[in-house]
Amino acid sequence: MKISFIYKLAVLSLTLMIFNCDDEAFLDLKPETFLTVDNVFTSGAQVEQLVLTMYQQDRALHGYIDNNQGRVMYGQGTDVFTVPTFRKNTNFSDYNSTITPNAGRLYNIYTDLYQMISRANLAISLAESGELTFESEASRKYILAQAKFFRAKAHGQAAELFGRVAIVDERTTTVRFDYEQSERSEIYQFAINDLESILDDLPETTNEPGRIVKGAAQHFLSEFYLGLGVETSSDEAYNQAIKYASDVIDGGIYSLMTDRFGSRASEPGKNVYWDLFRLNNQNYADGNTESIWVYQFDYEAYKAGDEGARLALPYYLMPVWRAIPGVIGEDEYTGGRGVAYIRPTELTETIIWDSSISDGDIRGDESNIRRTVYYNDPSYNGGALVGQVVPQSELDAANIGLADGAYYPIFEKFTTDQFEGLADGERRQNIWRDDYVIRLPETILLRAEAKLRRGDADGAADDVNLIRDRAQCKVRATAAMMDIDFILDERARELFGEESRWNTLLRMGGTVASDRIRKYAKYDYQSSSLTFDFNAFPIPQTVIDRNKDVVWVQNSGWENR
């Protein structure tokens, strides 16, 4: 059951306290007796608890938008997300101040990834030691497979984001200052080897939503083989990316949801894309056949003390419609208590929805992106305007009053009209629906990209049309349309706010990331400060300094920033 799994995430073993200690401080202690890895971990159940911390940490890194690094992982500062000017101090867009080798949020992301690797290495060593008793051999293999999955995912995503970093493949028992840099291609290959080694030990499906399944490993194999192909210009790497994506797409387990589904399927004026983001519709076990891996969020677990079990998208992503005269704010109609910390760029707000490319596309219609604002305040103008459309001139005036950028459309996938917890004093700023990590359309778009890079534009267009047909788009993709920009635009139409956009852009290599950021940057401080090209974040300066016994080279473009 979902509840059992998410409560396991909320209640973690005391034994993990030793792993969260500062290494140097821990090594300085000289007690007569103390707990160590060797005498704390005495059973397979405790290793299972350690594995659960990786689920929790991965969810926190990618799904916890409340902190700076969480907003970066949602895509702040890319071609799809920016910030209103009145939130300029929270931006991740200024290459003179907030995106540098000394950026705290980049150090936090890097540290989270390598802390996950450390935990995974510890779990792997314990599961392989032969000294602990597990419930069964199958249980031991699944625990080991999950640990290797997270080690692979963290390494692969570190390569995507930071380029030439370290491969750490064994448990750390002493403080080290000599971790060697590896080439991006080597890191991808390490992650690939881990993932390929565990495929037979992962289940095809699970009745415990949130757990890793075989399709998740195959998806990341496709992604990391794509990254390897970009680095090495290897058609064989692209062939492998296609193979693993096809194993997911054509394997008989997953399929796109094409019909209305879930408890609200009969509501008029909506569609299947809207259904994908309603409460209790995210998990494969609930009948969603395009769901491959989903982070679990639950109100009861949140009340029980798991602060990370809430999804604060309405607060951070919703616009400030309540500043419009005649519009009541902080309610279901305005998407909740929006404070506009990050907002869509012009690309995701308007450009990709132009009728020349998106005519009829349900993903961009009013049911999924609410652009029309209606007066709803009965006390305004005697109630005479209730139900009427607010003129654009009024919207523009309100936007200027807020500082540019706080008014924009409501993306329904980030909010709800059925907020939980109101009777307990909760405000309309959190939702407790589960959040996709991998949906089948992303796997399809990985295969489309691999086909395009291998020279098969027709095959790429066929894959893109699988998604566009489900979206009822009247404009079908053709081979002539296929390029990396089209793939990235299609990812924005389908996966806005779901994919880790920085990982996607930086994995593309060349100048793709910097070119697109310059093109779609909304504000001058972003475009004017990006005076160089890059395809990896700067390696945090603290990491370079700490590895004092070897030489680390900063990524190109960041050397003197």
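Since the model is a prediction, treat every value here as computed from it, not as a measurement.

Colleague: Just to check I follow, could you spell out the overall build of the chain for this structure?
Modeller: Along the chain, the regular secondary structure elements total 23 helices and six strands. Compactness check: the chain gives a C-alpha radius of gyration of 24 Å against a globular reference of 24 Å for 561 residues, within 12% of the reference. Projected onto its principal axes, the C-alpha positions of the chain cover 80 × 55 × 50 Å. The buried share of the chain, reckoned over its 561 residues, is 60%. Long-range pairs, those at least 24 residues apart, make up 73% of the contacts in the chain between residues at least 6 apart in sequence. Summing over all exposed atoms, the chain offers an accessible surface of approximately 21300 Å²; the carbon and sulfur share of this is 47%. Within the chain, one finds 57 positive and 85 negative side-chain charges whose respective centroids are separated by 2 Å.

Colleague: I would appreciate a short explanation of unusual backbone geometry in the present structure.
Modeller: Glycine aside, negative phi is the norm for most residues, and most peptide bonds take the trans geometry. A positive phi is found at A340, a non-glycine position, where the angle reads about 55 degrees. With respect to the helices and strands, A340 occurs in the loop between α13 (313-317) and β3 (343-344). Residue classification places A340 among the buried positions, given a relative accessible area of 0%. Unusually for a residue other than glycine, N381 sits at a positive phi of about 55 degrees.

Colleague: Got a minute to help me understand the packing of aromatic side chains in this structure?
Modeller: Aromatic ring pairs are described here by two measures, namely the spacing of the ring centres and the angle between the planes. Under the defined criterion, the tally for this structure stands at 39 aromatic pairs. Centroid distance F149 to F150: 5.4 Å. Interplanar angle 85 degrees. Geometry classified as edge-to-face. Looking at F150, the relative accessible area reads 0%, which means it is buried. Ring geometry for Y225 versus Y244: centroids 6.0 Å apart, planes at 10 degrees, classification stacked. Here Y244 lies in helix α10 (residues 235-249) and Y225 lies in helix α9 (residues 214-232), a separation of 19 residues in the sequence. Three or more aromatic residues joined by ring pairs form one cluster here, namely F92, Y95, Y110, Y114, F162, W502, F532, F534, F537 and W558. The ring of F486 carries R493 above its face, with NZ or CZ at 5.6 Å from the centroid.

Colleague: Please clarify how the nonpolar core should be interpreted in this entry.
Modeller: As a rule of thumb, nonpolar side chains are buried together in soluble globular proteins. In terms of nonpolar packing, the biggest core is built from 156 residues, with F149, W293, W502 and W552 touching the most fellow members. If you look at the next biggest cluster of nonpolar residues, it comprises ten residues, including V272, L276, F277 and A471.

Colleague: Help me understand the packing of α9 against helix α17 (residues 440-454), please; the structure alone is not making it clear to me.
Modeller: For any two helices packed against each other, one specifies the crossing angle of their axes together with the interaxial distance. As a packed pair, α9 and α17 sit with axes 10 Å apart at the nearest point and diverge in direction by 25 degrees. Between α9 and α17, the interaxial angle falls into the category roughly parallel. Here the hand of the crossing between α9 and α17 comes out left-handed. Counted together, H219, S222, E223, L226 and V230 of α9 and E442, T443, L446, E449, A450 and R453 of α17 form the full contact between these two elements.

Colleague: How do you make sense of α17 when you look at a structure like this?
Modeller: Because each turn of an α-helix spans 3.6 residues, side chains separated by three or four positions end up pointing in the same direction. Taking 1.5 Å of rise per residue, 15 residues should cover 21 Å, and α17 covers 21 Å from first to last C-alpha, within 8% of that figure. Here α17 lies mainly inside the structure; 13 of its 15 residues are buried.

Colleague: In this structure, what is going on with the packing of helix α4 (residues 44-63) against helix α6 (residues 104-128)? I would like to understand it.
Modeller: Contact geometry of α4 with α6 gives a least axis separation of 10 Å together with a crossing angle of 165 degrees. In terms of axis orientation, α4 runs roughly antiparallel to α6. Like other packed secondary-structure pairs, α4 and α6 cross with a definite hand, here left-handed. For the pair α4 and α6, the contacting residues are V47, L50, V51, T53, M54, Q57, D58 and L61 in the first and I109, D112, L113, Q115, M116, R119, A120, L122, A123 and L126 in the second.

Colleague: I'm lost on the pattern of salt bridges in this one. Help?
Modeller: One pass over the full model with this rule turns up 51 salt bridges. Of the charged contacts in the structure, one is a salt bridge between R370 and E412, with a shortest N-O distance of 2.6 Å. Of this pair, R370 sits in strand β4 (residues 369-370) while E412 sits in the loop between β5 (410-411) and β6 (435-439), and the two are 42 residues apart along the sequence. Look at the salt bridges and you will find they share partners, linking E290, D361, R363, K413, R439, R468, R470, E490, R493, E494 and E498 into a network.

Colleague: Please clarify how helix α8 (residues 184-198) should be interpreted in this entry.
Modeller: Helix length check: α8, at 15 residues, gives a terminal C-alpha distance of 22 Å against a target of 21 Å (1.5 Å per residue), a fit within 8%. Those residues of α8 that sit buried are R184, I187, Y188, F190, A191, I192, D194, L195 and I198. The inward-facing, buried residues of α8 contact α7 (137-162), α9 and α20 (501-507).

Colleague: What am I meant to see in the pairing of strand β2 (residues 291-295) here?
Modeller: Note on strand geometry: in a regular strand, side chains alternate between the two faces of the sheet. The buried count for β2 comes to five of five residues, which makes it a mostly enclosed element. Inspection of the sheet shows β2 paired to β6 by four bridges, in the antiparallel sense. When the sheet's bridge partners are listed, Y295 is paired in β6 with D435.

Colleague: Where do I start with the side chain of Q76 in this structure?
Modeller: Along the chain, the position of Q76 falls in the loop between α5 (68-74) and β1 (81-82). In contact with Q76, other than residues within four places in its own chain, are R71, F81, V83, T90, N91, F92, R105, Y341, I342 and W502.

Colleague: What am I meant to see in the environment of Y110 here?
Modeller: Residue placement: Y110 occurs in helix α6. By relative accessible area, Y110 is classed as buried at 7%. Among residues more than four places away in sequence, those in contact with Y110 are F162, V165, P540, V543 and W552.

Colleague: How do you make sense of the environment of S197 when you look at a structure like this?
Modeller: Along the polypeptide, S197 turns up in helix α8. Take S197: its relative accessible area is 41%, and that puts it in the partly exposed class. Sequence spacing of S197 and K214 is 17 residues, and the spatial spacing of their C-alpha atoms is 11 Å.

Colleague: Please explain the confidence of the model for the chain as it appears in this structure.
Modeller: Should the pLDDT be low somewhere, the predicted coordinates at that spot are not to be read in detail. With 92% of its residues at a pLDDT of 70 or more, the chain shows a mean pLDDT of 91. Low pLDDT, under 50, characterises residues 12-35; the stretch is placed with 29 contacts to residues that sit more than four places away or in other chains.

Colleague: Before we go on, may I ask you to explain the side chain of Q240 in this structure?
Modeller: Mapping Q240 onto the fold places it in helix α10. A relative accessible area of 19% means that Q240 is categorised as buried. Apart from residues no more than four positions distant in its own chain, Q240 is found in contact with E196 and Y225.

Procedures and definitions
Residues numbered from 1 in each chain as written. Predicted model: local features only at pLDDT ≥ 70, side-chain atom pairs only at ≥ 80, totals over all residues. Heavy atoms only, no water. Helix = DSSP H or I, 4+ residues; strand = E, 2+ residues; numbered from the N terminus. Rg over C-alpha atoms; globule rule 2.2 N^0.38 Å. Buried < 20%, exposed > 50% of the residue type's maximum accessible area, 1.4 Å probe, protein only. Contact = heavy atoms within 4.5 Å. Areas by Shrake-Rupley, 256 points an atom, 1.4 Å probe, with all protein chains shown as cover. Lys, Arg positive; Asp, Glu negative; His and termini not counted. Charge placed at Lys NZ, Arg CZ, Asp CG, Glu CD. Phe/Tyr/Trp six-rings, centres within 6.5 Å; stacked < 30°, edge-to-face > 60°. Lys NZ or Arg CZ within 6 Å of the ring centre and 35° of its normal. Core = buried A, V, L, I, M, F, W, Y, C linked by side-chain atoms within 4.5 Å. Axes fitted to C-alpha atoms, helices over the stretch in contact; angles between N-to-C directions. Parallel < 35°, antiparallel > 145°, perpendicular 65-115°, else oblique. Left-handed = near helix turned anticlockwise from the far one by under 90°. Expected span 1.5 Å × (residues − 1). Salt bridge = Lys/Arg side-chain N within 4 Å of Asp/Glu carboxyl O. Pairing = 2+ DSSP bridges. pLDDT = per-residue confidence, 0-100.

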